[in-house]
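In case you want the letters, here they are:
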Amino acid sequence: MRLPDQYMENKNVMARGNDNSSDVGAEVIAKILLSLGIERVYGLQGGHIQPIWDAITRFGGIMVDARDERAAVHMAHGEAEVTGKIGVALVTAGPGVTNAVTAIANADKARAPVLVIGGAVPRPQAGSGALQEFPQIDLMRPITRAAVSIWNARRLSFELHAVLSRAVGEGGVPGPVFFEVPTDVLRERTSNNLIPKDGSILTTVRDQPADPISIARAVDILWGVSRPVVITGRGARSSTVSLNNLLNATGALYLDTQESRGLVAEEHPSVVSAVRGTVMREADLVVTIGRKLDYQLGYGSRAVFPNARFLRIADNIDELRDGRRGEIEVFATPNLACDAIVEVAGNRESKTDRAWAKNMRAKHLERSTKLVEKMATEKPGADGLMHPYRLLAAVRNWIDDDSIVIADGGDILSFARICLPARTYLDSGVFGCLGVGIPFAVAASLACPSRKVIGIIGDGAFGFNGMELDTALRHGARAVFVIANNGGWNIERIDQIQNYGGRIQGSELRFSNYAAMARSLGLYAERIYDPGKLPSALTRAFDRAPALLDVLVTRDAVSPDAVSGLASVPDFQPLTSWDNAERARFEEN
Ligand SMILES: Cc1ncc(C[n+]2csc(CCOP(=O)(O)OP(=O)(O)O)c2C)c(N)n1
C-alpha cells in the first residue's frame with residue numbers, strides 16, 4: 001500500500017484541498033478525500049452526516065448509496081481489495097455506526113485499509129440523551145486501528161491524515177479506522193491546517209528495507225534446506241515479480257492462500273496447491289511472506305508442520321511473529337526482502353530437492369486434472385439437481401485471467417475455492433463473514449468496470465445483503481451474481497446430518513425464487529436447473545449486467561470443508577486430521 005501514490009494522483013484537487021481557509025469542517029474532509037484520489041465513497045444517508053455527503057458530491061466525488069451500512073462498509077472493503085487504495089464509507093450516527101460493526105470487524109480480520117466516517121451528535125447535545133447518541137468510540141476501539149472523535153474543527157485535517165496513515169499500515173498493521181465528527185463540527189468554519197500545505201506529512205510512508213544481517217541469515221537457511229515451501233498472504237500482494245524471482249532462484253514450492261491469490265501463475269512449476277496437506281507435512285522450511293499463521297495454516301503448529309523450521313518475512317509484527325516465531329524473522333517490505341535475498345544469494349547453488357519438488361508438482365497436476373474432469377461430468381444429487389461442480393465448471397470456462405471472482409457461503413464457497421483458479425479472488429475470509437458476496441461484487445464492478453466480476457453466493461449468504469441488488473442496478477455495477485440455491489444453509493445441514501443424529505433443525509430454506517426477486521428489483525435474471533444452459537446464460541447475464549442467475553444445486557454434495565471437519569469446529573485445530581495430530585502431540589508430551 002503506497003499512500004503517496006494515491007496522493008499524487010490528483011494533484012489539482014490536492015492543491016485545492018489544502019487551500020481551505022474558508023471551509024467548513026465537512027468541506028475539509030471532502031477535499032482531503034478527493035485529494036487522495038478517492039473517487040467513490042459508500043454510505044447511507046442521515047442528517048448527522050449530511051454536510052459531508054453534500055460536500056463530497058459538490059466537489060465531484062461519487063456517493064454510492066447502499067441499503068444498509070454493513071453493506072456500505074463491505075463495499076468500501078471490496079473497493080480497497082481490488083484497487084489497493086483506501087476504501088471509504090460514510091455512516092450516520094447511532095444505528096448507522098452499529099450496523100457497520102460486522103463489516104468493520106471483517107475488514108479488521110482481513111487487514112483491509114478502510115476509513116469509516118461516522119456521524120455523531122452535536123457537541124452541545126452530547127451526553128443529554130440526544131437522537132442517535134451512542135458510545136461509538138468504545139464500540140469501535142477493539143475492531144479498528146484507530147477510533148477518534150474530532151471535537152475541534154482545527155484538528156480535522158491533521159487527525160484525518162493520521163488515521164489514514166494508520167489504515168494503510170504505516171508503522172503497523174493495515175486495517176479499518178473510525179473517524180467520528182459531531183454534526184456541528186462539520187458545519188463549523190475553520191481556518192485550520194495543522195498540516196503542511198504540500199501534504200508532505202504523507203510522504204513519510206516508506207518502504208522498510210531489510211537489514212543485511214537478517215538477509216544473510218535468510219539466504220543461509222533457504223539455500224541450506226532441501227524442501228522449502230513459500231506461503232504468501234496479504235502482505236505479499238504487491239510482490240509478484242520479486243516473489244517469482246525468489247521461487248525461480250530457490251526452486252521452492254509455493255502455496256497461495258485466499259489472501260494473495262494470483263501472485264504466481266498456475267503454470268509455474270512451484271505451484272502445488274492441490275497437495276497442500278502433504279507439502280505442509282513434508283516441508284523442512286516454511287517461508288511465510290506477509291502471512292499470519294492463522295487457522296488456515298494450523299497456527300504454524302508442529303502437528304501440521306512436523307518437519308519444518310520457519311523463516312518469516314513481513315513489514316508488520318502481526319504477520320511476522322504471530323503463532324510460531326521464525327528461526328529467522330526479516331522485518332521488511334516483502335518485495336524488498338525477496339529482492340535482497342535473491343541478490344545476496346547470487347549464483348549460489350540451491351540445495352532444494354528437485355525430485356521431491358517435481359513429484360509434488362506432478363501430483364498437483366494429476367489432482368487438478370482429475371478435478372476438472374469431475375467438474376465437467378459430476379452426476380446430479382438424489383434430488384435431481386445439479387452438483388455444484390457443474391455450475392463451477394461453467395463459471396470456470398467463462399472467467400479469464402482478468403476476472404474478479406467473489407465467493408460467499410458455506411459449501412459453495414468451499415467448492416469455489418478449489419474449483420475456480422481466479423487470479424483476483426475475494427471471499428468471506430478468516431472472519432467467515434457471510435454476506436460479503438453482493439457488496440464486494442458491486443464495489444469490484446464499480447472500481448473495475450472493464451473486468452468481468454462474478455459473485456458465487458449461497459442462497460443463505462445471499463439473504464444478508466440481497467437488497468444490494470438494488471444498489472447494483474442504481475449505480476450501474478455490471479456484476480453477475482450467481483446464487484447457488486440448495487434450499488438451505490447446507491454446510492450446517494450436513495453437519496447436523498453427520499454429527500447431530502440427523503436432527504435437521506433451522507438449516508433448511510425454501511428454494512425461493514431469487515430470479516423473480518431480482519426481476520422485481522429491475523435486474524435481468526434467470527432461474528436455471530439444467531447445467532447445459534449455464535454457458536449461454538452466463539453470456540446473457542454479462543451482456544445485461546447487473547444480472548442474477550438463480551442456479552438450483554443439489555443438497556447432497558458434501559464439500560471439502562464439510563469433509564475436512566472445518567464446519568464442525570474441532571477443539572484444538574480447525575481440521576479433523578490436524579486436530580488428531582495435535583491431540584497426539586499433547587499425549588506424547
Ligand atoms: C454471519 C454469519 N452467520 C452464520 C455463519 C455460520 N455459517 C457458516 S456457513 C453457513 C451456511 C451458509 O449457507 P449458504 O450461504 O446457503 O451456503 P451453502 O452452505 O448452502 O452452500 C452458516 C450459517 C457465518 N459464518 N456467518
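Quick look at the structure, then. Along each chain, the written sequence defines residue order, and numbers are assigned to residues from 1. Since the coordinates come from a predicted model, pLDDT governs what is reported: local features require at least 70, and pairs of side-chain atoms require 80 or more to be given and counted, while whole-chain, interface and lining totals use all residues. Excluding hydrogens and water, the side-chain values take into account all heavy atoms of the structure.

### A closer look at the pattern of salt bridges
Logical step 1: Criterion for a salt bridge: a side-chain nitrogen of Lys or Arg within 4 Å of a carboxyl oxygen of Asp or Glu. For the structure shown, the criterion picks out 39 salt bridges.
Logical step 2: R40 is the salt-bridge partner of E39, the closest N and O atoms lying 3.7 Å from each other.
Logical step 3: Note on E39: relative accessible area 47%, which makes it partly exposed.
Logical step 4: The residue R348 makes a salt bridge to D220 at a minimum N-O spacing of 3.0 Å. On the criterion of sequence distance, the pair formed by R348 in the loop between α15 (334-345) and α16 (354-377) and D220 in helix α11 (residues 212-222) is long-range, its members being 128 residues apart.
Logical step 5: A simple rule labels every residue: compare its accessible area, found with a 1.4 Å probe on the protein chains alone, to the largest value its type can have, and call it buried under 20%, exposed over 50%, or partly exposed in between. Exposure remark for D220: the relative accessible area of 44% places this residue in the partly exposed category.
Logical step 6: Sharing partners across several salt bridges, the network here consists of R111, R234, E259, R291, D294 and E319. Helix numbering and strand numbering both begin at the N terminus, where a helix is a DSSP run of H or I of at least 4 residues and a strand a DSSP run of E of at least 2.

### Description of the site of the ligand
Logical step 1: Taken together, 17 residues are adjacent to the ligand, and D411, G432, G460, A461 and N490 come closest.
Logical step 2: One nitrogen or oxygen atom from the main chain of G432 is found 2.8 Å from a nitrogen atom belonging to the ligand.
Logical step 3: Within the backbone of G488, one N or O atom sits 3.0 Å away from an oxygen atom of the ligand.
Logical step 4: Using a 1.4 Å probe, the Shrake-Rupley method yields the accessible areas, and only the shown protein chains count as cover for residues. Out of a free accessible area of 580 Å², the ligand has 76% covered by protein chains.
Logical step 5: Where the shell around the ligand is concerned, the elements lending two or more residues are α18 (411-419), α20 (459-465) and α22 (490-499).
Logical step 6: The greatest single-element share of the shell around the ligand, amounting to four residues, is contributed by α20.
Logical step 7: Residues are sorted three ways: Asp, Glu, Lys and Arg are charged, Ala, Val, Leu, Ile, Met, Phe, Trp, Tyr, Cys and Pro are nonpolar, and all the rest, Gly among them, are polar. Of the residues that constitute the shell around the ligand, the class distribution is six nonpolar, eight polar and three charged. Being near a molecule or strand, for a residue, comes down to having at least one heavy atom within 4 Å of it. For this analysis, a polar contact is any N or O atom pair within 3.5 Å, provided that within protein one partner can donate a hydrogen and the other can accept it, and provided that sequence-adjacent residues contribute only side-chain to side-chain pairs.

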